[in-house]
Each structure stands twice: as C-alpha cells, then as structure tokens.
Amino acid sequence: MPRSFRFEPPAPRPGSLTRPRLLRALLGRWDHRVTTVVGGPGLGKTTLLAQALAENQLAPRGDDVWLGLGPGDAEGHALARDALAALAAGTDAAALADAEDREPDAASVADAAWRRSPTAVCLVLDDVHVLAPDSRGALWLADLIDALPANAHVVLAGRWAPAVPLARLAAQGSLLRLTEDDLRFSEDELAGFAARRGVEAAQLDESGGWPAMAELAASVGRDLAGEYLWEEILEPLGPERRRVLAIVSDLGGADDALAGAAMGGPVALGRMLDGVPLVAQGTGGWRVPHPLWATAKALALPDDQRRAMRARAVEHLVSQHRYDDAITLAAEAELTDLVPAVLRAASIGPDRPPTRWLERWLADLPPEVLGTPGAALAAGVRAAAVSPTEAAGPLREVIDLCRTAGDVEGELSAIAVLGRVAWWRSDLALLGEIFPRVLELEAEGEPLAGAIAAVGRAVLADLGGDDEAVLAHLDGVRPGLLDDQWQAVTDWLRASVLAGMGDADGAIAMLDGIHRSPDPAFLLTVEGTRMTTRWSQGHVDDVVAALPSIVDRIRAAGVVHNLQVATTQAAFGSAWVGDVESAGRYLAEARQAQRDAGEDTSPRLTLAEAACLLAGGDEPGAAAVIEAAARTLTDPNREPERRAWRNGLALTYVLVPALRPRWDAADLHGHLAVARRLAAAVVAEREGRGRPGELDLPDPGMVRAVLPLRLAVELALGLEAAGRPEGGELLEALGTRGRDAVRAMAAGGAPHTRSARSLLAAVPAPPPSVTDVGVLGPLQICRDGEAVTDGDIRRERVRELLAFLVGHRTTTRAAITAALWPDLDERAAANNLRVTTNYLKRLLEPWRAPNDPSYFVRGDGATVTLVTGDRLRIDADLFDGHLARAARAEADGTPSLALEHSLAAVDLYRGQAHDGVADAEWVDVDRDHFRSRFVAAATRGGELLLGLDDLDRAEQVARRAVAADPWAEDAHGVLVAAALARGDRSAARRALDRSLGALADLGVDPSPRTQSLRRRVRGAGASA
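Residues numbered from 1 in each chain as written. Predicted model: local features only at pLDDT ≥ 70, side-chain atom pairs only at ≥ 80, totals over all residues. Heavy atoms only, no water.

Asks: Would you mind going over the packing of helix α3 (residues 77-88) against helix α5 (residues 106-114) with me for this structure?
Replies: Packed helices, taken two at a time, are described by the angle their axes make and the gap between the axes. Between α3 and α5, the shortest axis-to-axis distance is 9 Å and the interhelical angle comes to 15°. Our classification of the angle between α3 and α5 gives roughly parallel. As for how α3 packs across α5, the hand of that crossing is left-handed. For the pair formed by α3 and α5, the contact residues are Ala80, Ala83, Leu84 and Leu87 on the first element and Ser108, Val109, Ala112 and Ala113 on the second. For the contact of α3 with α5, the residue count by class is seven nonpolar, one polar and no charged. (Axes fitted to C-alpha atoms, helices over the stretch in contact; angles between N-to-C directions. Helix = DSSP H or I, 4+ residues; strand = E, 2+ residues; numbered from the N terminus. Parallel < 35°, antiparallel > 145°, perpendicular 65-115°, else oblique. Left-handed = near helix turned anticlockwise from the far one by under 90°. Contact = heavy atoms within 4.5 Å. Nonpolar A, V, L, I, M, F, W, Y, C, P; charged D, E, K, R; others polar.)

Asks: Just to check I follow, could you spell out the packing of aromatic side chains for this structure?
Replies: In this description, a pair of aromatic rings is defined by centroid distance and the angle of the planes. One pass over the structure, following the stated rule, counts seven aromatic pairs. Ring geometry for Phe572 and Trp576: centres 5.0 Å apart, planes at 35°, overall tilted. On the criterion of helical spacing, the pair formed by Phe572 and Trp576 is a turn pair, its members being four residues apart in helix α30 (residues 560-576). Taken as a pair, Phe572 and Trp576 share a single burial class, namely buried. Here Tyr909 and Phe934 contribute two aromatic rings whose centre-to-centre distance is 4.3 Å and whose plane-to-plane angle is 10°, an arrangement assigned as stacked. Taken together, the residues Tyr909 in the loop between α46 (895-908) and α47 (921-947) and Phe934 in helix α47 connect sequence positions 25 residues apart. Residue class for Tyr909 comes out buried when judged on its relative accessible area of 6%. Taking the relative accessible area as the measure of exposure, Phe934 reaches 2% and is therefore buried. Taken together, Phe879, Tyr909, Phe930 and Phe934 form an aromatic cluster joined through their ring pairs. For Arg585, the ring lying beneath its charged end belongs to Tyr586, and the centroid distance is 5.6 Å. Above the ring of Tyr855, the side-chain terminus of Arg858 is found at 4.7 Å from the ring centroid. (Phe/Tyr/Trp six-rings, centres within 6.5 Å; stacked < 30°, edge-to-face > 60°. Buried < 20%, exposed > 50% of the residue type's maximum accessible area, 1.4 Å probe, protein only. Lys NZ or Arg CZ within 6 Å of the ring centre and 35° of its normal.)

Asks: Can you walk me through a nonpolar patch on the surface in this structure?
Replies: A surface patch of nonpolar side chains, amounting to about 280 Å² of accessible area, comprises Val459, Leu460 and Leu463. On the accessibility criterion, Leu463 (52% relative accessible area) is exposed. (Patch = residues over 30% accessible without salt bridge, like charges linked within 9 Å, V, L, I, M, F, W, Y side chains within 5 Å. Areas by Shrake-Rupley, 256 points an atom, 1.4 Å probe, with all protein chains shown as cover. Salt bridge = Lys/Arg side-chain N within 4 Å of Asp/Glu carboxyl O.)

Asks: Mind showing me how you'd approach empty space enclosed by the protein here?
Replies: A water-sized probe rolled over the atoms picks out the places where empty space is left. What the rule picks out here adds up to six cavities of 30 Å³ or more. Of the volumes computed, that of the largest cavity is approximately 70 Å³. Around the largest cavity sit Gly774, Val775, Gly777, Pro778, Leu779, Arg799, Ala803, His914, Asp915 and Val917, which together line it. Tallied by class, residues from the lining of the largest cavity come to five nonpolar, three polar and two charged. (1 Å grid on protein atoms, 1.4 Å probe; cavity = no way out; pocket = protein on both sides within 12 Å on 5 of 7 lines; lining within 4 Å. Points joined across faces, edges and corners; volume = space filled by probe spheres on them.)

Asks: Is there a simple way to think about the nonpolar core in this case?
Replies: Soluble, globular proteins show a tendency: their nonpolar side chains are buried together. Counting 102 residues, the largest nonpolar core has Val244, Leu245, Leu251, Leu343 and Leu482 as its most contacted members. Beyond its immediate stretch of four places on either side in the chain, Leu343 contacts Ile327, Trp361, Leu365, Gly374, Ala375 and Ala378. Formed by 80 residues, the second largest nonpolar core is a distinct cluster that contains Val540, Leu633, Leu649 and Ala650. (Core = buried A, V, L, I, M, F, W, Y, C linked by side-chain atoms within 4.5 Å.)

Asks: Honestly, the environment of Pro394 in this entry has me stumped. Any pointers?
Replies: For Pro394, the position within the fold is in helix α21 (residues 392-405). It is 7.7 Å that separates the C-alpha atoms of Pro394 and Ala379, two residues lying 15 residues apart in sequence.

Asks: I tried to follow the pairing of strand β2 (residues 63-68) on my own but got confused; where do I start?
Replies: Regular strands have side chains that alternate between both faces of the sheet. The buried fraction of β2 amounts to five of the six residues, a majority that puts the element mostly inside the structure. Where β2 lies against strand β3 (residues 121-126), six bridges are found, and the strand directions are parallel. Paired with Leu67 across the strands is Leu125, a residue of β3. (Pairing = 2+ DSSP bridges.)

Asks: Just to check I follow, could you spell out the pairing of strand β4 (residues 152-158) for this structure?
Replies: In terms of residue burial, β4 counts as a mostly covered element, since seven of its seven residues are buried. Because side chains alternate across β4, one face comprises the buried residues Ala152, Val154, Leu156 and Gly158, and the other comprises His153, Val155 and Ala157, equally buried. As judged from the five bridges shared by strand β1 (residues 34-38) and β4, these two strands associate in the parallel manner. Its bridge partner being in β4, Val37 is matched across the sheet by Ala157.

Asks: What should I look at first to understand the pattern of salt bridges in this one?
Replies: A side chain with one charge can pair with a side chain of the opposite charge if their charged atoms come near. Applying the stated criterion to the full structure yields 57 salt bridges. Measuring nitrogen to oxygen at the nearest pair gives 2.6 Å for the salt bridge that ties Arg982 to Asp952. Of this pair, Arg982 sits in helix α49 (residues 969-982) while Asp952 sits in helix α48 (residues 951-964), and the two are 30 residues apart along the sequence. Judged by its relative accessible area of 40%, Arg982 is partly exposed. Relative accessible area serves as the criterion here: at 53%, Asp952 is assigned to the exposed category. Residues joined by salt bridges that share partners form a network here, namely Arg115, Glu890, Arg940, Glu943 and Arg1009.

Asks: Whenever I open this one, the environment of Glu726 confuses me. Can you help?
Replies: For Glu726, the location among the structural elements is in helix α40 (residues 726-747). Separated by 28 residues in sequence, Glu726 and Pro698 have C-alpha atoms that sit 9.8 Å apart. Those residues within four positions of Glu726 in sequence are excluded, and the remaining contacts are Leu697 and Leu719.

Asks: Just checking my understanding: could you explain the side chain of Thr771 for this structure?
Replies: By secondary structure assignment, the location of Thr771 is in strand β8 (residues 771-774). Those residues in contact with Thr771 that lie beyond four places of it in its chain are Ile781, Cys782, Arg783, Leu844, Trp847, Phe856, Arg871, Leu872 and Arg873.

Asks: Looking at this structure, how should I read the environment of Val37?
Replies: Looking at the secondary structure, you find Val37 in strand β1. Here Val37 falls in the buried class, since its relative accessible area comes to 0%. Sequence spacing of Val37 and Gly158 is 121 residues, and the spatial spacing of their C-alpha atoms is 6.5 Å. Setting aside residues up to four positions removed in sequence, Val37 forms contacts with Leu26, Lys45, Leu49, Val155, Leu156, Ala157, Gly158, Leu178 and Leu183.

All we've got here are geometric facts, nothing functional implied.
Right, here's the structure in full:
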C-alpha cells in the first residue's frame, strides 16, 4: 500500500519529549557511512529521526534527505526512482525528471549524492524492514551503500536489522548502531515525559519505557491494565468511527476514496479520525493508524466482513490502475478468486504494467489460478515483451481461451499483442491469420478493433503509395486505445510518411516522442529513420560520421533484411558525399545481403548503384542504371518505394530527362522542393540557360543534403561565374573532395574551367595538418603534436596579433591597429598590420604558397577573421568547452563527467592567459575572464574529489585555485575540509585562519559554508 511521508518526515509532535542522549548519538551519522536504528513498533524511531533532522536544520552539518519506505519498495524500482528523486530534489531538475522514466542504478543515485560535495548528505530511510532479504530492493540498497561517495551517509531505521550486509563496515568502524534498548525511555526520560503530559510518573510504570504505550497511558489518565486501556480509547469513538478506524487499520492506511470503496459508501477520514491518537496524516489526505491499533481486539472485523471489505478495496485499486497494490492486497486477504480479474485488467489496458511486475505476479500465482484466461493473458503479454519470437503460441492459446469464455475485450487485447509480434517478425502470414477477426470485431463496434484495423489500412495505403491516406487512417485511431508498443509503430509510420513528404521537422518531433520499445531491431529502425530525416535537414556530416556505428549495430542484430536496407543507405550516403571507397564497400555488402535475403533489386539499391557510379565519374553509367529501373515506373512520387525515389530526386532529375516532367508535376514541399529547384538549376546551367544570379539558395548544408557532390560542384561553379560569393562558401563546405572535383574540371577543359580556377584561387585549401595554439600561459604552438620553434613565434607583435585575434575572432583592421599600434598614424599602423599578418600566416601555415589564400587568417575588405575549428585548435576554446560540458554534466546529474571535464579544464590552464603579451585593457579582460573560470573549475573539482575521498588531488587543485585567487573562499574551504577528513585539526585550523584572514581583507562576512566549517573545526578541537 502507498506510504505517507514519502519524502518529508512528520514534524515533531508538539509536546514530544526531546531526548538529548539520542540526538547526540544520531550526530554520529555524519561520521559513519551507515547508522542503523532498530526497534519494534511504537519505540519512537520516526519521531526521534524527525527531531534529529529538525535539530540539524538549526545548525547544519550537512543535508538530511528523508525517504519513507513501503512494501512496494521490496521490488526495487520505486525505491531506486524515489531515492534519486529525493537526492536530486531542488538541485537537479534533469535527474528528477529522469527518475520518472527509468529505474536508476545504484551508481546514478550515488552520483546524485556526490553532486552535493563538499556538502555532506545523509539519506534517512525509514521503515527499511519492508525490504526482505534477497529482495531486489535489499540488493539495490546494498549496492547503493557500496557505491556512496565519501560525503554521503545513510540512516537505516526499521523494526529489525536491515537485510543488507554491514559486517565489513562494522569492522572498518564505519557503522553506528542504535538498538531497541537505546530507544526505550530511560527513567529520567520517562519522568520528563510524564511531566510534559501532566501525569504522575507512576501512571507510566507499566509502559516498560515503550514510548507508544507511555503515550497511550498518558492519554487516558489511567493505569495500564489488560484491555481496559483500549476500551477507554475505543468506546468513546462510537461504532461508526470504530468501524472506520478498524477498516483503515486493516488496510494499513487509506485515503477517502480507498476507505469509501472498502466501506461501500463515502467517508471523510479527516472528520471520522479527528482526535484519534497515533494516526499519522500524510499528503493527499492519506491516514495511517499506528500498528498498535491492529492488535486491538475491539477493532477486529468478522471474517466475512473483512473479506467483503478487502474485495471492494481491490476493485477500487484496479479502477485506479494500481494493479500491484491490488494484487498485494488480494494475496494478503487470501482472495485468490479475485487475482485473475486483476491480472486481466492489468493486461488489457493501454498502460500495461512493467514486465518485472508480471514476472513477480506470475511466479506467486497459486495453482488454481494458472489456467484462467486472466493469468494466461498476463503470461502472453509477458512473453511478447521478453521473447517475441516464442510468443505466438501462448498468445493463440489466450485468444482461444478468451473467445471460449466470451471475453471479447480480452481476446482483442491478445490479438493486438499478437499483431505486434507478427509485425516485429515481418510475419505476413500471421498478420493475415488475425486480420479477418479484427474486421469482424470492428463491425461489431469494438473500439480497439477499429484502432487496429485503422493501422492495418494505413499500412496498406503506404504500400499503395498514398501518403495522405496513410495519415488519414492514422488520424482515425482514437487516442489511448493502443498500447505503448503499437503506438510506437504507428508513430514511426507517421514520422516516415512526414519525412517522405518533406516535413522533416514534424518527423523529428514525432520520432522524439516515440515510446522506447524493448525490441532492438525496432529501435534501430527508428534510429535509421531519424538519421535519414536529419540528413534532409542538412546535417550531412553528422549522419555520415554515424553510419559505421549504426551499420555495426544492425549487423549485430542479425536481421538480414534490415542489414540490406542499412548498407544500401550507407552506400548511397557515402557516394552522395563523394566517398567512393566507403560507398563501394557498403554496396558490395548490400548486394550480398540482398542475395542472402532472397529479395529482388529494390529502387533503393538501384539508386545507391547510380550514386556510386556518379561519384566515380561514370555519369552515363549512372544514368543507364536509373533509366533501366524507371522503364516500369509510372510515377516515382506515388510508388511503394516513393521515399527512396524522393531521396534520389536530384540524381534522377539531372541524369534522366524522361523523369523531369513527373517531378515537375509533383506537389513537393520542404527539402524535396529545394532538391527539385536546385536540380533544375543544374540542368539549366548545363543547357546554357541558367540564371544562378537569381537562384534562391539554402545554406551549404542543405545544398549538400539534396545534391550529390559532383552536381553540387557544378552549382558552385555556376554561382562563381555569376559573381555570387555563395559559390566559394559551397566549395568550402564540400571540403577536399569538392576541391578535387573542381581541380579536375579546371584541368580537363570543362565549360567552367575559368570559374574553377577562379574558385580554387579564392577559396583556401583545407590545411594538411592540425595546429594547436596554447594561450592559457606562455604562447605554445604545436603542429601534429610537434612543438613549433619558428623564429616568427618570438616576434612580440606576432604574439600580440595572435592574442587579439584569439579574443576577437572576427574584427576589423581598424580595431587591430587601434589596440596594437595606438600611437602610429593610419598609414604606418596599416603597414605594420600587413607585415605582421604575413608573419602570422607564415607561422600558422608554412605549407601555403605565397599567392594562395590563407585558411586560418582571412581578410574581407576591412574585416579580419581567425578561422578556428578542427584544424586550428585553441586551448581557450577547449577550456571553455570542457567547462560547458562540466556544467551540462552537473545539470544531467553525472558528477563523474563533471569532474572529468573540470579537471581537464584545470589541466589546460598553465598560468595567466597570454603570458608574455604586454599589459593592455583588451588583454586584461581576457586574463580576468579565464582566471575566474579556472578558479571556479578548480574549486568544483576539489569539492567533487572530496566526495571521492581523494584528498591529495583535492588539495592540489584547491591550492592552484588559491594561488590564482587568494580570496577564493570556497577553494580555501576545500583545504579546510580535506584537513578535517584527514583528522589533521592543526592543518584545518591554519587553513581556516587563512580563509578568514582573506575575507577580512575584503571586509566581507564568511559564507554559511565557511561558518559550518568553523563549527566543525571548533567541534573537532573540543572533542580532542
């Protein structure tokens, strides 16, 4: 049953006795990895913990995080999810959202605690006794304790010893135990409690120091004797309120809805239980009577009433889709006859339970339930999720059972699962077997049958080449009828159609919302569709880079048809960008996969072959391949393989004139319309009637997406001939292969020879080497890993110009001369800039011929640009990049990555930025920027290292931070915390004094964190 106080401990009850000896003992939780608080019900464990947490809020030694456990936590998922949510609350929104979608492993939850470093955090788990030995929850908790960082602690409170191994921690002195003897009232505490409650201490003699019994005895003001105490409390309630208390106690807790369902009528628990002692109130109106009430004979329900009440409660839980609670309650009440109905309800709805729940339920079923349709349906759903290749048999049996029993809803649900299995297996015979029955049920008005039939009609429309009909049929599926897996299939089909119609953004949005399927082949299908769609958005290089990985994964999946499709697409994409070698390798594999699958040559494979021929320079051969395939083609825009033809639109438009009228007549949108427009421009240019000066051009990435490399080169040459700068931009985007194609045209007497030579002269060649420039410290330049020692690097003005361009990537000549030569007249300054720029170009690009354009330092009129990226890498950029990734990792809840990137940034910082460049306002700004960011990175790295108990490295980076900024308070705090962790009180005091002295110099007060460290240092001194 759900628990109250899941994330917040109950506030200490007004008038509750504060127990200093136990509060002092619980302070030890900050010095031990694990603290256990063990004792039976009513010993005040929860109250004690609540008081300890409240005390810590007054003078924090760390952050306490509360989590109340319930029976469902033994399964592990909810415990892991809520532990992550509790630790991430208020600090990590991304982890908090992620906790709703998956079962976090112990390392992820430990990371959430580590992210709080250097602040100590204590995860307080109440009622941990619900975790049975060897349960998933207990095993997960043991893993968490092993994974916790040094700044994390755990309190385990329960009625008996927690089911996790703690002997090793005890041997290490990392375990603190509070037992039942510790929890009982001492004589002094019992006297203090009696005084607070205004009763004679003798009235509590028979309580035995048991806080709950002392509370009861004090409440009724009488001696404790047998059942008399219970009668005194229960009799005044009256029969109706006693019945409510009995039912809520029997259920272990309830809200108004559950209690009303169990009673068979509405009930207001707030009114009915008002004034009843020992009834906890949680969020949402949830009430939980103390377990002591379950022992009261006056509250015992007759067996028949108890059974009827629990049956109604089970029915209510099912109606709320709380199937696990319903199964648990039915089992506890021995209502085995209700279990099949619960299993059926859980298996037929769109929100099916997790597979692990189904496995647990099925494993615990009594023999008399196993043969029921409900149990069979649950087993079939589980089989479809776990082993779809073996699920057809069990699901056929379920269909027969449900049909025999007249359970149309159950039958149809099983048919839906079987249909998805058939789709996963591409088993058309199996689909044909079940579709007639779907149509029969649709005719009878069954909504789910109508939804499945609509999906079937959409598939048929897709095979018929009718995009509009596909979308119309899918639109006819009423929301909420299909389960997650079927919904994923329909969403993928919709995304594929949208992408094929030119709506790439709509397709990506649909793909992003697809429910994650347990079937790896389907996941790869979705990813392949995503890559194709991203290509159509212009992300060509990203997709090409990802091709080897996805093809490898599809090979590993072992589905021959999928491999044939993937390698064909890889061949097509590689050839499109001019990578002839890779394209040929993928094409050979695609042909072999086609033979292995026994499939005919598809338009997709035909277009891949044509693209390979064109990339290799055989345009006539490419045209012949397409023409042969197109002889039987009625309309490339209305074919089952229309999406493949559309992807190759420009290729077919330019090379096969007979297809142009069909493409011109098509109603195209998005990237498809762009492809047609640019292909028509290439044709017009070839025929001497082009007007590229008026052509509406997309960005180079989109041009590359819709035109194969050789045709894109032709377009670039036409733009250059028309005097448009986009020709150079396009050639630069086409890279080395594009330049090779232009160079071949320039040497081969092609019509665009003049334009080709002009373009090659205007567009700089990509550098043959990688140059690394270090400015965070003294200037360093390395080329392909070797240090550059050219004499130009020692020229002061060259270093200053490079420093200015690093800080101002695109600037003006006037800005440079004003910064570097402020005292010279305009002509002299311009001459100095010209000479110094030539020195800098020679330093960065020694391979460049004197008259060739510079790749790294480019001038355009009055503008000067330093081009950085993969070929010219600046350590300042890498530094900023690592810090950005560290911040992203912090937001994502992955402190290991945050630490990795923080330390990488720290390692890049060798000293003051642009060391050796003369002081000036423009360089001082950069120096302050990088210094402050370095100090923050080093400090955060030190804090995270403290969480790993890596004290040496924590001190090392913190000292570097203090050396760069002696007033960095948090960096001083790392040094103090590291000394305390070593037990070196003298070093901690010295580090604290330095910190306080630096703050005094600034005239500022210490932060709350520094004040907390000061209390710890003084506390350590007192204890010593």
